[in-house]
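Now for the letters of each chain:
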Amino acid sequence: MVKLKIFGNVKNVLNGNITEAVLRPAKESRLRFALGAGTFSDGQHLGETLVIEQNCHVSWVQKSHLQNGSGLNAKTPFLMGIDRDEPMGLLNSLNRETALESLYGEWAKKHPMGFALLGSFRMKEWSCTYLKKPPIFQENINQHHDAYWAKVENHSNAFICLFGVVIPPTAEKNFPKSTLEKAFYKNPQDSSQAPFQSHTHAAFADRLLKSDSFLFRDFKIGSVRHTLTQSILHEGSFVLFPLQGIESN
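Read on for an overview of the structure. (Residues numbered from 1 in each chain as written. Predicted model: local features only at pLDDT ≥ 70, side-chain atom pairs only at ≥ 80, totals over all residues. Heavy atoms only, no water.)

### Regarding the overall build of the protein chain
Link 1 in the chain: Looking only at helices and strands, one finds five helices and 15 strands in the protein chain.
Link 2 in the chain: Against the compact-globule benchmark of 18 Å for 249 residues, the protein chain has a radius of gyration of 16 Å, which places it among compact chains.
Link 3 in the chain: Each principal axis of the C-alpha distribution contributes one length, and for the protein chain these read about 45 × 40 × 35 Å.
Link 4 in the chain: Taking all 249 residues of the protein chain together, 55% fall into the buried category.
Link 5 in the chain: Contacts spanning at least 24 positions in sequence make up 77% of the contacts within the protein chain whose residues lie at least 6 apart.
Link 6 in the chain: Carbon and sulfur atoms form 47% of the exposed surface of the protein chain, whose accessible area is close to 10700 Å².
Link 7 in the chain: For the protein chain, the separation between the mean place of its 27 positive charges and that of its 23 negative charges on side chains is 1 Å. (Helix = DSSP H or I, 4+ residues; strand = E, 2+ residues; numbered from the N terminus. Rg over C-alpha atoms; globule rule 2.2 N^0.38 Å. Buried < 20%, exposed > 50% of the residue type's maximum accessible area, 1.4 Å probe, protein only. Contact = heavy atoms within 4.5 Å. Areas by Shrake-Rupley, 256 points an atom, 1.4 Å probe, with all protein chains shown as cover. Lys, Arg positive; Asp, Glu negative; His and termini not counted. Charge placed at Lys NZ, Arg CZ, Asp CG, Glu CD.)

### Here's the deal with the nonpolar core
Link 1 in the chain: With 45 residues, the main nonpolar core has Met80, Phe163, Val165 and Phe241 as its most contacted residues.
Link 2 in the chain: Counting 22 residues, the second largest nonpolar core, distinct from the first, contains Leu94, Cys128, Ile160 and Ala194. (Core = buried A, V, L, I, M, F, W, Y, C linked by side-chain atoms within 4.5 Å.)

### What about the packing of aromatic side chains?
Aromatic rings in a pair are described by how distant their centres are and how their planes are angled relative to each other.
Link 1 in the chain: Per the stated rule, a full pass over the model turns up six aromatic pairs.
Link 2 in the chain: Ring geometry for tyrosine 104 against phenylalanine 115: centres 6.1 Å apart, planes inclined by 70°, an arrangement best described as edge-to-face. Taken together, the residues tyrosine 104 in helix 2 (residues 100-110) and phenylalanine 115 in strand 10 (residues 115-129) connect sequence positions eleven residues apart. Phenylalanine 115 carries the same exposure label as tyrosine 104, and that label is buried.
Link 3 in the chain: Cluster of aromatic residues (ring-pair linked, three or more members): Tyr104, Phe115 and Phe196.
Link 4 in the chain: Cation over ring: lysine 133 sits above phenylalanine 137, and NZ or CZ is 5.1 Å from the ring centre. (Phe/Tyr/Trp six-rings, centres within 6.5 Å; stacked < 30°, edge-to-face > 60°. Lys NZ or Arg CZ within 6 Å of the ring centre and 35° of its normal.)

### Some thoughts on the side chain of asparagine 142
Link 1 in the chain: As for its position among the elements, asparagine 142 is in the loop between strand 10 and helix 3 (145-148).
Link 2 in the chain: Each residue touching asparagine 142, except ones within four places of it in the same chain, is listed here: Leu14, Trp149, Tyr185, Lys186 and Pro188.

### Let's talk about the environment of threonine 49
Link 1 in the chain: In this structure, threonine 49 sits in strand 4 (residues 47-52).
Link 2 in the chain: On a C-alpha basis, the gap between threonine 49 and glutamate 125 in space is 21 Å, while along the polypeptide they are 76 residues apart.
Link 3 in the chain: Polar side-chain contacts of threonine 49 include one of 2.7 Å to the backbone nitrogen of glycine 38. (Polar contact = N/O pair within 3.5 Å; in protein donor to acceptor, adjacent residues only side chain to side chain.)

### A closer look at the pattern of salt bridges
Link 1 in the chain: Counted under the stated rule, the structure contains 13 salt bridges.
Link 2 in the chain: Close ionic contact of aspartate 85 with arginine 30 constitutes a salt bridge, the shortest N to O distance being 2.2 Å. With aspartate 85 in the loop between strand 7 (75-83) and strand 8 (90-94) and arginine 30 in the loop between strand 2 (24-25) and strand 3 (31-39), this pair connects stretches of sequence that are 55 residues apart.
Link 3 in the chain: Judged by relative accessible area, arginine 30 falls into the partly exposed class, the value being 29%.
Link 4 in the chain: A network of salt bridges, in which partner residues are shared, links Lys5, Arg30, Asp83 and Asp85. (Salt bridge = Lys/Arg side-chain N within 4 Å of Asp/Glu carboxyl O.)

### Quick word on the environment of leucine 118
Link 1 in the chain: Position of leucine 118 relative to the elements: it lies in strand 10.
Link 2 in the chain: A relative accessible area of 0% means that leucine 118 is categorised as buried.
Link 3 in the chain: Considering only alpha carbons, one finds leucine 118 and glycine 89, 29 residues apart in sequence, at a separation of 9.0 Å.

Right under this line is the structure:
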């Protein structure tokens, strides 16, 4: 079991309050695997972020095009994930089509304290979105979602690298609401009616990792998206990290 780490606060993104003051060096988070927001320059270039093996992959919109970058020197207002010193999780495989919401629901019953999930999947349909306008104008991006969120993309037969975190209702009772609000929210384009809270990012990958060689350093990662739970998984492998607590800073 591991402790989930929340670095920063997603509310700064949701409320459009991204300034240089809230952008902290991502490497200070010490996170090995994580999701969140990041930039390699400033708040105007803030984008969807996925951390794999301590390397930040950031996708942001610039001049109406989705741009991508990766490296160790990103800045972030918010990341959530697994510390580099935590033990590796439990390896599992998926050999049937299922909605991401359903997969999360199955494991939420088995791990009532919550879990993080790191996976390599081939998708029947990957439903996702991304910020198309920087959250720097002091307005709530979900209340103005047409202006800030791109229309839902649906990618068929895509290979992705996915990282998600799920907090079941039983776990919500153990953690302060103010802590959970630093990392979880309902995206206005997510159709989930599930009782649990979740947050998921994923990125295009060049292939599907084999379950007997689950080495994330050995495959290429492309642009990152905020992933919606109506996405349909086709097959893949994943590492499950059951949670025993949350650390916030």
